[in-house]
Amino acid sequence: MSRAPVTDEDREFMRSSIDEMKKATSPGPRVGAAVARDGVLIAAACRGGGKHAERAAIELAELSGLSLRGATLYTTLEPCIDVGSAKESCADLIARVGISTVFIGSYDPNPLIYRAGWARLRDAGIALRDYPADMREEVESLNSTFAEHFTSGMGPNGGAKFDYMLNESKFEIQFAPGDARSIVTRWSTRGGTSIHAYADRPQQVALARYAREFHEIDDPRVFDFSYTAPIHVGEIAVFVSEDGAALVKVVEVEGGRDHGAERTSLKIKYEIRVWK
Ligand SMILES: [Zn+2]
């Protein structure tokens, strides 16, 4: 069954959350949230002063004296699930006050918690919707610096977007939550829609020539390895160590000002293969 279309009212409340997002000045991600019920905006707030946007909006809404049972929350970033032992996460707060629908404008770029807020809300029986594509793009562009500080990921599968000029051009992928071994991937500008992948010796790297998907790669050790390889968008780089391989698909490249882009960023998907 297809979902009900997003209404003009929904868009209006999403707009309120994005307007709030623009007001956020604290370091870290800019986040805005709005709470509405029966077609009426009850409250809207941004992240700041140590408070997450969802909590700020909900607390403001509670001041109105209205019950939030059956209300809808519009948040530009998926709610958190863990804010330290003593505090209630936004996801748990949303469930506790009885909000029944949550619209999400973006998912956490940290591969360790990507989609975790969504999953927590789903498990609490809350209906979940995404912002439409045009508004998701707006949210992402307003927060373009957010993802630049993530310099590591966790296997066996994941995705990330990061500024490859930071952290010594390094993005490290840990094999699995219980397996601290890792592979270090390095990157440098090549221009256009490609990037240089290079390896941290004694690790090596190769282009998985003609492969488009991870499942097309049987044994990752068959490729022609060296210490650097040019990788185009859509292609897969294979990094190998004595312990395993990181298959890294280049999804998007921004090459910086010399190459017609505002910034330097790399969006990847990855899969870890461990030798037995
Ligand atoms: Zn939160």
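On a predicted model such as this, the values are computed, not experimentally measured, just so you know.

**Side note on the overall build of the protein chain**
Next up, step 1: Assigned secondary structure in the protein chain consists of five helices and 15 strands.
Next up, step 2: Overall, the C-alpha framework of the protein chain stretches about 65 × 40 × 40 Å when taken along its three principal axes.
Next up, step 3: Across the 276 residues that make up the protein chain, the buried fraction comes to 49%.
Next up, step 4: Taking the intrachain contacts of the protein chain between residues at least 6 apart in sequence as the baseline, contacts between residues at least 24 apart amount to 58%.
Next up, step 5: Of the accessible surface of the protein chain, which amounts to about 13,800 Å², a share of 49% is contributed by carbon and sulfur atoms.
Next up, step 6: Positive and negative side-chain charges in the protein chain, numbering 34 and 40 respectively, have mean positions lying 1 Å apart.

**So, the sheet that holds strand β14 (residues 244-255)**
Next up, step 1: Pairing is antiparallel in the open sheet, where five strands are placed in the order β7-β15-β14-β13-β11. Pairing within the sheet leaves two strands with one partner each, and these edge strands are β7 (157-162) and β11 (204-207). When the angles between neighbouring strand axes are averaged without regard to direction, this sheet yields 25 degrees.
Next up, step 2: Relative to strand β15 (residues 264-274), β14 is paired through eleven bridges, and the arrangement is antiparallel. From the neighbouring strand, Gly255 faces β15, where its bridge partner is Thr264.

**As for the nonpolar core**
Next up, step 1: Within the largest apolar cluster, 26 residues are counted, with the highest numbers of intra-cluster contacts made by Val35, Ile58, Leu68, Ile94, Ile99 and Val102.
Next up, step 2: Elements that contribute at least two residues to this core include exactly β1 (32-37), β2 (40-46), α2 (53-63), α3 (90-96) and β4 (101-104).
Next up, step 3: Here this core takes five residues from α2, the largest share from any one element.
Next up, step 4: If we skip the residues at most four places from it in the chain, Ile94 touches Ile58, Leu73, Pro79, Ile99, Val102, Leu121 and Ile126.
Next up, step 5: One finds Ile183, Ala246, Val248 and Tyr270 within the second-largest nonpolar core, a separate group that totals 24 residues.

**Points about the sheet that holds strand β5 (residues 127-130)**
Next up, step 1: Spatially, five strands are ordered β2-β1-β3-β4-β5 in an open sheet, and the strand pairing comes out mixed. The sheet is open, and its two borders are formed by β2 and β5, each paired with just one other strand. Averaged over all pairs of adjacent strands, the angle between strand axes in this sheet comes to 20 degrees, irrespective of strand direction.
Next up, step 2: When β1 meets strand β3 (residues 72-75), the two strands line up antiparallel, connected through four bridges. By the bridge assignment for β3, Ala33 is matched with Thr75.

**Some thoughts on the side chain of Thr264**
Next up, step 1: Considering the arrangement of structural elements, one finds Thr264 in strand β15.
Next up, step 2: Here the side chain of Thr264 touches Asp163 through a polar contact of 2.7 Å, side chain to side chain.

**Regarding the packing of aromatic side chains**
Next up, step 1: What the rule picks out here adds up to six aromatic pairs.
Next up, step 2: With 6.4 Å between their ring centres and 50 degrees between their planes, Phe171 and Tyr270 make a pair best called tilted. Of this pair, Phe171 sits in strand β8 (residues 170-176) while Tyr270 sits in strand β15; the two residues are 99 residues apart in sequence, bridging distant segments of the chain. Like Phe171, the residue Tyr270 is buried in the burial classification.
Next up, step 3: Between the aromatic rings of Trp187 and Phe239, the centroid separation amounts to 5.6 Å while the plane-to-plane angle is 70 degrees, which identifies the pairing as edge-to-face. Of this pair, Trp187 sits in strand β9 (residues 179-191) while Phe239 sits in strand β13 (residues 236-240), and the two are 52 residues apart along the sequence.

**What to know about helix α1 (residues 8-23)**
Next up, step 1: Along its 16 residues, α1 runs 23 Å from first to last C-alpha, staying within 8% of the 22 Å computed at 1.5 Å per residue.
Next up, step 2: Looking only at α1, the buried set comprises Asp10, Phe13, Met14, Ser16, Ser17, Ile18, Glu20 and Met21.
Next up, step 3: Turning to α1, the residues buried within the fold contact β1, β2, β3, β4 and α5 (133-142).

**Looking at the pairing of β8**
Next up, step 1: Inspection of the sheet shows strand β6 (residues 152-154) paired to β8 by three bridges, in the parallel sense. When the bridges of β8 are listed, Met154 appears paired with Gln174.
Next up, step 2: Of the pairings in the sheet, the one linking β8 to β9 comprises six bridges and is antiparallel in character. Note on β9: the bridge partner recorded for Glu172 is Val184.
Next up, step 3: Connecting β8 to the antiparallel partner β9 that follows it, the hairpin turn spans two residues.

Parameters at a glance
- Starting afresh in each chain, residues are numbered from 1 along the sequence in its written order.
- Thresholds applied to this predicted model are a pLDDT of at least 70 for local features of residues and 80 or more for the giving and counting of side-chain atom pairs; totals over whole chains, interfaces and linings are not thresholded and use all residues.
- With hydrogens and water stripped out, all remaining heavy atoms of the structure feed into the side-chain values.
- Helix numbering and strand numbering both begin at the N terminus, where a helix is a DSSP run of H or I of at least 4 residues and a strand a DSSP run of E of at least 2.
- Partly exposed residues are those whose accessible area sits between 20% and 50% of the maximum for their type, while under 20% is buried and over 50% is exposed, using a 1.4 Å probe and protein chains only.
- Should any heavy atoms of two residues lie within 4.5 Å, those residues are counted as being in contact.
- Under the convention used here, a 1.4 Å probe and the Shrake-Rupley method define accessible areas, while residue burial counts only the protein chains that appear.
- His residues and chain termini do not enter the charge count, which takes Lys and Arg as positive and Asp and Glu as negative.
- In this description, the location of a charge corresponds to atom NZ of lysine, CZ of arginine, CG of aspartate or CD of glutamate.
- A strand pair is defined by DSSP finding two or more bridges across the two strands.
- Under this scheme, a helix contributes an axis fitted over its contacting stretch, all axes are lines through C-alpha atoms, and angles between N-to-C directions fall in the 0 to 180 degree range.
- We define a nonpolar core as any set of buried Ala, Val, Leu, Ile, Met, Phe, Trp, Tyr and Cys residues linked to one another through side-chain atoms lying within 4.5 Å.
- Counting of polar contacts relies on pairs of N or O atoms within 3.5 Å, with two restrictions inside protein: one atom must be capable of donating a hydrogen and the other of accepting it, and residues adjacent in sequence are counted only when both atoms are side-chain atoms.
- Aromatic rings from Phe, Tyr and Trp, taking only the six-membered ring of Trp, are treated as a pair when their centres fall within 6.5 Å; an angle between ring planes under 30 degrees marks them as stacked, one over 60 as edge-to-face, and anything in between as tilted.
- To estimate how far a helix should reach, multiply one less than its number of residues by 1.5 Å.

These figures capture arrangement, not role.
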